[in-house]
Amino acid sequence: MKFTVSRETILKPLQLAAGVVERRQTLPVLANVLLVIEDSQLSITGTDLEVEIVGRVPLDGEIGEGEITVPAKKFLDICKALPDGSNISFTLDEQKAIVKSGKSRFSLSTLPAEEFPAVEHGDNDISFVCAQKEISRLIERTSFAMAQQDVRYYLNGMLWELQSDALRVVATDGHRLAMCTRAVTVDLADVKQAILPRKGVVELSRLLSDGDEKVEILIGSSHIRAKTEDYSFTSKLVDGKFPDYERVIPKGGNKVVIGNRGDLKQAFARTAILSNEKYRGVRLLLETGSLTIVANNPEQEEAEDQVAVDYTGDALEVGFNVSYLQDVTNVLDSENIKLTLSDSNSSALLEEPEDSDSAYVVMPMRL
């Protein structure tokens, strides 16, 4: 088995595959990446048994087909440490991988390819093709609301809900909810739901570009796959039932506030400085034409900021976690933001004023 490749060509696929590899693993072979040469193409695979990424590199010159596994981090560090523009030659000498470039020579330990676990791909029930930027936007708009290490393990992931000609993703940690829906071309009789684990979401977002390049998504009963020209991504799905998120979305809020997103974002950032570090609570005081944000902390300090808003109606006072409000103002990119409230015990609904593909729910706090 042998190949020669430029450093720049191999670096990105190697980084993507090695990125999945866990620092601590149960099987020694899981610290390795699998290298396979077949039909003038090198494929580099990394897995932690939950998520698998395969990067592909076209080869030319003298090639010897075969397969072997090498230590992921060491191989990546060698390639990174070599100078720009260098060529890397890889050969197998008995049970050692010999990596050469210029006057540098490295001998790496290997493990047989047969020991490398393959993630089962299972049945692919549904598939559709869309621009990578669509999936990228869905993840970007919602991933911040996923739970972290919640005992309700299904909240530590992201719901993908596929219906006829639309893909909706939903994330919630029980205190706030983020939802985004984009049009995709798929013909379905029923709604299909799948929960992608946190690590799968993180790795998939690293792979996707913000361009029009296509990605094929395949959703099966236990796995999800994403395939492009350069790589294949496979992740196990979370085996669980996602809560009925529709019930959480507040309906019939009668207090509609339109405010400048930039002004609100800055006001939240300023008042957050003096909020309680543990609970991060702020009070919103809503009156005709203005929204006042007040924060207090146990040291008896106080911050107050007022923002002019488009609102006419009764006064209202309601408490929220300021971090959750900041997350929404950070992820939206519209000039204005629409805030719908009903009373001091009800959740707030935040969205863009026109043609919003995203909606955010934040539960109130008692302060």
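Values in this document were obtained by computation on a predicted structure and should not be read as measured data.

## As for the pairing of strand 13 (residues 192–197)
On a regular strand, one side chain projects to one face of the sheet and the next to the other, so that they alternate.
Here comes step 1: Of all the six residues making up strand 13, five are buried; the element is thus mostly covered by neighbouring parts of the structure.
Here comes step 2: Examined bridge by bridge, strand 10 (residues 157–163) and strand 13 share six bridges and lie antiparallel to one another. In the sheet register, glutamate 161 faces strand 13, and the bridge partner there is glutamine 193.

## With respect to the nonpolar core
Here comes step 1: Ranked by internal contacts, the top residues of the largest apolar core, which has 68 residues, are Ile135, Trp160 and Leu204.
Here comes step 2: A total of five residues in this core trace back to one element, the largest contributor, which is helix 6 (residues 322–331).
Here comes step 3: Those residues in contact with isoleucine 135, other than ones at most four positions away along the chain, are Phe128, Cys130, Trp160, Leu167, Leu204, Leu208, Val215 and Ile217.
Here comes step 4: The next biggest cluster of nonpolar side chains, apart from the first, holds 29 residues, and it includes Ala18, Leu42, Ala72 and Phe75.

## Comments concerning a negative patch on the surface
Here comes step 1: A cluster of acidic side chains, namely Glu38, Asp39, Glu65, Glu67, Glu114 and Glu115, defines a negative patch on the protein surface.
Here comes step 2: Mapped onto the secondary structure, glutamate 38 falls in strand 2 (residues 32–38).

## A look at the packing of aromatic side chains
Here comes step 1: Per the stated rule, a full pass over the model turns up four aromatic pairs.
Here comes step 2: Their ring planes at 25° and their centres at 5.9 Å tell us that phenylalanine 144 and tyrosine 360 sit as a pair that is stacked. In this pair, phenylalanine 144 is assigned in the loop between helix 3 (132–142) and strand 10 and tyrosine 360 in strand 24 (residues 358–362), connecting sequence segments 216 residues apart.
Here comes step 3: On the accessibility criterion, phenylalanine 144 (23% relative accessible area) is partly exposed.
Here comes step 4: The class for tyrosine 360 is buried, based on a relative accessible area of 1%.
Here comes step 5: Here the aromatic cluster, defined as three or more aromatic residues joined through ring pairs, consists of Phe3, Phe75 and Phe90.

## A word on the sheet that holds strand 7 (residues 96–101)
Here comes step 1: Spatially, 1-6-7-8 is the arrangement adopted by the four strands of the open sheet, whose pairing is antiparallel. Edge positions in the open sheet fall to strand 1 (2–6) and strand 8 (104–109), since each of these has one partner strand only. Going across the sheet, the axis of each strand differs from the next one's by a mean of 20°, ignoring polarity.
Here comes step 2: Of the strand pairs in this sheet, strand 6 (residues 87–93) and strand 7 are connected by five bridges, and their pairing is antiparallel. Pairing of phenylalanine 90 across the sheet is with valine 99, part of strand 7.

## Some points on unusual backbone geometry
Glycine aside, the phi torsion of most residues is negative, and most peptide linkages are trans.
Here comes step 1: Not every positive phi belongs to a glycine, and glutamine 149 is a case in point at roughly 55°.
Here comes step 2: By secondary structure assignment, the location of glutamine 149 is in the loop between helix 3 and strand 10.
Here comes step 3: With a relative accessible area of 80%, glutamine 149 lands in the exposed category.
Here comes step 4: With phi around 45°, aspartate 355 is a residue other than glycine that occupies positive phi space.
Here comes step 5: One can find aspartate 355 in the loop between strand 23 (348–351) and strand 24.
Here comes step 6: With a relative accessible area of 81%, aspartate 355 lands in the exposed category.

## Here we look at the environment of isoleucine 88
Here comes step 1: Here isoleucine 88 shows up in strand 6.
Here comes step 2: The class for isoleucine 88 is buried, based on a relative accessible area of 0%.
Here comes step 3: A C-alpha to C-alpha distance of 5.4 Å links isoleucine 88 and valine 5, two positions 83 residues apart in sequence.

## Here we look at the pattern of salt bridges
Here comes step 1: With the rule as written, the count across this model stands at 20 salt bridges.
Here comes step 2: In this structure, aspartate 150 and arginine 152 form a salt bridge, with 3.0 Å as the shortest nitrogen-oxygen distance.
Here comes step 3: Exposure remark for arginine 152: the relative accessible area of 37% places this residue in the partly exposed category.
Here comes step 4: Note that glutamate 317 is salt-bridged to arginine 283, the shortest N-O span being 2.9 Å. Placement of glutamate 317 in strand 21 (residues 316–321) and of arginine 283 in strand 18 (residues 281–287) is noted, with a sequence separation of 34 residues between them.
Here comes step 5: Assessed through its relative accessible area of 43%, glutamate 317 is described here as partly exposed.
Here comes step 6: Given the relative accessible area of 24%, arginine 283 is considered partly exposed.
Here comes step 7: Among the charged side chains, a salt-bridge network with shared partners connects Glu134, Arg137, Arg141, Arg182, Asp333, Glu352 and Asp357.

Each value, and the rule that gives it
- Residues numbered from 1 in each chain as written.
- Predicted model: local features only at pLDDT ≥ 70, side-chain atom pairs only at ≥ 80, totals over all residues.
- Heavy atoms only, no water.
- Buried < 20%, exposed > 50% of the residue type's maximum accessible area, 1.4 Å probe, protein only.
- Helix = DSSP H or I, 4+ residues; strand = E, 2+ residues; numbered from the N terminus.
- Pairing = 2+ DSSP bridges.
- Core = buried A, V, L, I, M, F, W, Y, C linked by side-chain atoms within 4.5 Å.
- Contact = heavy atoms within 4.5 Å.
- Patch = residues over 30% accessible without salt bridge, like charges linked within 9 Å, V, L, I, M, F, W, Y side chains within 5 Å.
- Areas by Shrake-Rupley, 256 points an atom, 1.4 Å probe, with all protein chains shown as cover.
- Salt bridge = Lys/Arg side-chain N within 4 Å of Asp/Glu carboxyl O.
- Lys, Arg positive; Asp, Glu negative; His and termini not counted.
- Charge placed at Lys NZ, Arg CZ, Asp CG, Glu CD.
- Phe/Tyr/Trp six-rings, centres within 6.5 Å; stacked < 30°, edge-to-face > 60°.
- Axes fitted to C-alpha atoms, helices over the stretch in contact; angles between N-to-C directions.

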